Amino acid sequence: MDIKITNDIRYIGVDDHKIDLFEGLYDVPNGMAYNSYVILDEKIAVMDTVGDGFGDEWLGKLDAALAGRRPDYLVVQHVEPDHSANIAAFMERFPDATICASQQAFKLIAAFYGRDYADRRMVVAQDAKLELGRHTLTFFTAPMVHWPEVVMTYDSADKVLFSADAFGKFGAQDYDDPEGWSCEARRYYFGIVGKFGAQVQALLKKLSGVELKTICSLHGPILTGDLSEYLTLYNTWSGYGVETEGVVIAYTTVYGHTREAAEYLAEQLRKNGVKRVVVNDLARTDMYEDVEDAFRHGKLVLCTTTYNGGVFPVMREFIEHLTERGYQNRTVALVENGAWAPMAAKGMRAMLEGCKDITFTNASVKVLASLTDESRAQLDALAKELAE
Ligand code: FEO
């Protein structure tokens, strides 16, 4: 794609349509963009490289943008290999270029690629500046958003923030996502960055006084126009706030009886006036969509079977995804099924013990094999409480 960001800033990233799992975990049916940019001024800076297997395509785009000139700097904002795999190719092709990166980034470059460019480096820290001519780049350190070495880069001339992975989303650049930015950006955020809410909040604070016209992430579309939607969502997500009022029922089922309980509860919630009820069968839906739904909404029902005297494996995995990402500030209800000795609720409650500001509902539900009048009455009471 030939994208001109401003008069001096060009897009030279690539689309990966062959990838199945991003970072070996995340399903990306619409591909993945590895974004890279070049700033053409008296001096020329290239912003990050691209993933393995795309070096020739990327260098071809860079050559076209350079139109015979040579770059002075390679800014390495993030060393994860989807952006750093072509550092060596770049440095060989442009032997006069200097790498600008954080101290920690050079350590990671050495760890991944066996050399640290000691003689061709410029170490940047918070507020360091790089003068290109009309453009002055200012570096913002963003440790643990979502790796320790990350820096972001602000161009005060065109008011562009190069945001490393922040504000990124799944999907190739040439994929016009009918769901807009937020759906796959949210799945990306909670999957990859979600654990680091405090660090994202610190970054947003640093950026609060900065005038922004464009955000150039390393993944997904270039964000322009009214940026408040993106910034507000990032603030809500990283602050573990509730984005959407509603109840998520996350369930697992073995013979369909726990599904029946989940669906009955959903029906009762709607009858009690809950406008948004999301029902996810954890074994049959994308786990990271389920994680995203849990963090998006204010109320979560965990509805599962007792298995090996504890919590059903897929539910266990789901709760681990939540707790390791700092799940907090939510209302949680527990629905357990167990034909002879239900134990799942106890196990789920124990798993959530370390989470901050979790309010468990007064009502809970015990299903003994299949729904009865008694367990239906418990689900009725739970629906009423959740609807309040
Ligand atoms: Fe896009 Fe964290 O690499």
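Please refer to the structure placed before this passage.
These figures come from a predicted structure and were not determined experimentally.

Draft legend 1. Broad picture of the side chain of Glu336. Structurally, Glu336 is set in strand β21 (residues 330-337). At 2.8 Å, the side chain of Glu336 and the side chain of Lys366 are in polar contact. Sequence-distant contacts of Glu336, defined by excluding residues within four places in its chain, comprise Thr304, Pro342, Met343, Ala344, Ala345, Lys346, Val365, Lys366 and Val367.

Draft legend 2. Representation of the packing of aromatic side chains. The tally for this structure, following the rule as stated, stands at 25 aromatic pairs. Measuring from ring centre to ring centre gives 6.1 Å for Phe22 and Phe170, while their planes differ by 75°; the resulting arrangement is edge-to-face. Of this pair, Phe22 sits in strand β3 (residues 21-22) while Phe170 is found in the loop between β14 (160-162) and α5 (182-193), placing the two residues 148 residues apart along the sequence. Assigned by exposure class, Phe22 and Phe170 land together as buried. Where Trp181 meets Tyr230, the ring centres are 4.8 Å apart and the plane angle is 80°; that geometry is what we call edge-to-face. Of this pair, Trp181 sits in the loop between β14 and α5 while Tyr230 is found in helix α7 (residues 228-238), placing the two residues 49 residues apart along the sequence. Classification of Trp181 as buried rests on a relative accessible area of 7%. Through a chain of ring-to-ring contacts, the aromatic side chains of Phe167, Trp181, Tyr189, Phe190, Tyr230, Tyr234, Trp237, Tyr240, Phe295 and Tyr327 assemble into a single cluster. Looking at Arg376, its charged tip hangs above the ring of Tyr264, at a distance of 5.9 Å from the centre.

Conventions we followed
Residues numbered from 1 in each chain as written. Predicted model: local features only at pLDDT ≥ 70, side-chain atom pairs only at ≥ 80, totals over all residues. Heavy atoms only, no water. Helix = DSSP H or I, 4+ residues; strand = E, 2+ residues; numbered from the N terminus. Polar contact = N/O pair within 3.5 Å; in protein donor to acceptor, adjacent residues only side chain to side chain. Contact = heavy atoms within 4.5 Å. Phe/Tyr/Trp six-rings, centres within 6.5 Å; stacked < 30°, edge-to-face > 60°. Buried < 20%, exposed > 50% of the residue type's maximum accessible area, 1.4 Å probe, protein only. Lys NZ or Arg CZ within 6 Å of the ring centre and 35° of its normal.

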